[in-house]
Amino acid sequence: MQVARLPRDPGPAGWAALLPPADPPMPVDRDETTDWLVIGAGFAGLGAARRLSQLAPGDRITVLDAMRVGDGPAGRNSGFMIDLPHDLTSDDYGGTLDRDIAQTRANRHAISFAADMAGEWGLPRDAFDPCGKINGAASAEGAAHNRDYARHLSAMGESYEMLDARQMKDLTGTDYYQQGLFTPGAAMIQPARFVRGVAGHLRSNRVALRENSPVTGLERSGGDWVAQTPGGRVRAPRVILAVNGHLDSFGHGGGRLMHIFTYASMTRALTPEECARLGGAATWGLTPASPLGTTVRRTSGRDGDRIVIRNRFTFEPTPEVTDQTLARVCATHDRAFRARFPMLEGVEMEYRWGGRLCLTRNGVGVVGEIEPGLYSACVQNGLGTVRGLLAGLTAAEAATGQVSDIARIVLDEDAPASLPPRPIATLGARARLHWGEWRAGREL
């Protein structure tokens, strides 16, 4: 099959831009053979490579990525590794009780796997910080969503803490929020630092990372799979596709995948005087009580004191979006920033970017064997850090025949539901997003 198009992400990956220059890439420059080929070096691909290295310790593993590690979607998210239910299509993130309990168990397995990598390889605290997160409510409707979610968490047997307006101001420095719901199980990461750190420690005489090596064709030949890149071909008997929504460019998932873009802006580093005016804690992460509202993070440390604003979703029939769309939606970021942080007047955004999500109508991934010797670790439904890592672990276990109870939770999910014909699907999805953002009100 020919891979006719490559995804395009608008704007610079701000998290990656904060890092020191990476070592020079080592792209494919000749024909190679390997025991395992992983296509994609995001959370799913790196998770798959790590798990393969544990389950098949004598095998050679090659990981291909179309760009540099951290420049693609893995380095463009908001950096939340969320353990609890987080359904972006719901009113309050919750779903059905039994499914949410099983998914939480699986999500925590992925977070624990990430924590083990961070601990074993000595990744810095800002790369992986198990500090929990807050659902922030800026309106009476948002507070009602939080109370509904809290009841759902209680039914699941989960712990949480409700925060009042004073506690929210003490934490965030702003009086914008009326209420908060803190849950302790999430981790906050600097996503580009995390994936670059993992990739660097995975490299060995058995694990090769080939960056700047987009796959332009993938076909079956003589019992093996052969991936074509601009610099040469890579042959392997078994392949794991870890490309999220790009899966349909490889001929799978057509008519079932929804390509959604979300967008973020990051301030320049705040001065000491600006930090004093802001007050609050030096680091925190806040998701909105309404799923289509505004996510906010404050970070500090080696990257400087910064605030990240993430909101707006656009539905695109193909996995690409224009720079003009980025500029238009980022105006919403400026309004959200000014509303929350009037004490920071004059602080400008240094980086603005968009990143790809892939969703299915019924909220399931595409994980497991999709052709003989070809496995998918794709479709993360808006939780790319956790669900991506989980998909990679599951695909590696399925491919080696060593399926754990956690992997079985993922493999036993229903198949993705079909979408209506494209014009109807596009109009319906865009109307649903606009309606959800309008309903978010002050949460946006």
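The model shown is predicted, which means the values in this text are computed figures rather than measured ones. (Residues numbered from 1 in each chain as written. Predicted model: local features only at pLDDT ≥ 70, side-chain atom pairs only at ≥ 80, totals over all residues. Heavy atoms only, no water.)

Caption draft 1: Here's a closer look at the overall build of the protein chain. In terms of regular secondary structure, the protein chain is built from 11 helices and 20 strands. Here the C-alpha atoms of the protein chain give a radius of gyration of 21 Å, agreeing with the 22 Å that 2.2 N^0.38 yields for 444 residues. If one aligns the C-alpha atoms of the protein chain with their principal axes, the spans along those axes are about 65 × 45 × 40 Å. Sorting the 444 residues of the protein chain into buried and exposed places 59% on the buried side. For the protein chain, long-range pairs separated by at least 24 residues make up 78% of all intrachain contacts whose partners lie at least 6 apart in sequence. Accessible area of the protein chain: about 17100 Å², with a carbon and sulfur share of 51%. (Helix = DSSP H or I, 4+ residues; strand = E, 2+ residues; numbered from the N terminus. Rg over C-alpha atoms; globule rule 2.2 N^0.38 Å. Buried < 20%, exposed > 50% of the residue type's maximum accessible area, 1.4 Å probe, protein only. Contact = heavy atoms within 4.5 Å. Areas by Shrake-Rupley, 256 points an atom, 1.4 Å probe, with all protein chains shown as cover.)

Caption draft 2: Quick look at the pattern of salt bridges. The full count for this structure, using the stated rule, is 26 salt bridges. The closest approach of N and O atoms between Arg 408 and Asp 412, which form a salt bridge, is 3.7 Å. (Salt bridge = Lys/Arg side-chain N within 4 Å of Asp/Glu carboxyl O.)

Caption draft 3: Spatial organisation of the pairing of strand E18 (residues 349-359). Extensive coverage of E18 is indicated by the burial of 9 of its 11 residues. Here strand E14 (residues 258-267) pairs with E18 via 10 bridges, running antiparallel. Note on E18: the bridge partner recorded for His 259 is Cys 358. (Pairing = 2+ DSSP bridges.)

Caption draft 4: Molecular detail of the sheet that holds strand E11 (residues 224-229). If you trace the 4 strands from one edge of the open sheet to the other, you get E1-E12-E11-E10, paired in mixed fashion. Looking at which strands have only one partner, the edges of the open sheet turn out to be strand E1 (32-33) and strand E10 (217-221).

Caption draft 5: Quick peek at helix H3 (residues 97-120). In a regular helix each residue adds 1.5 Å, so 24 residues correspond to 34 Å; H3 covers 34 Å between its end C-alpha atoms and thus fits that length. Every buried residue of H3 is listed here: Asp 100, Gln 103, Thr 104, Ala 106, Asn 107, Ala 110, Ile 111, Phe 113, Ala 114, Met 117 and Ala 118. Positive backbone phi, approximately 65 degrees, marks Gly 122, located one or two places after H3. (Expected span 1.5 Å × (residues − 1).)

Caption draft 6: View of the packing of aromatic side chains. Going through the model one piece at a time under the given rule, you end up with 4 aromatic pairs. Ring centres 6.4 Å apart and planes at 35 degrees place the aromatic pair Phe 128 and Phe 194 in the tilted group. With Phe 128 in the loop between H3 and strand E5 (133-137) and Phe 194 in helix H6 (residues 191-202), the pair connects residues that are 66 residues apart, well separated along the chain. Per residue, the accessibility class of Phe 128 equals that of Phe 194, and both read buried. Judged by centre distance (5.4 Å) and plane angle (45 degrees), the rings of Phe 337 and Phe 341 are tilted. Across this residue pair, the class does not change: Phe 337 and Phe 341 are buried. (Phe/Tyr/Trp six-rings, centres within 6.5 Å; stacked < 30°, edge-to-face > 60°.)

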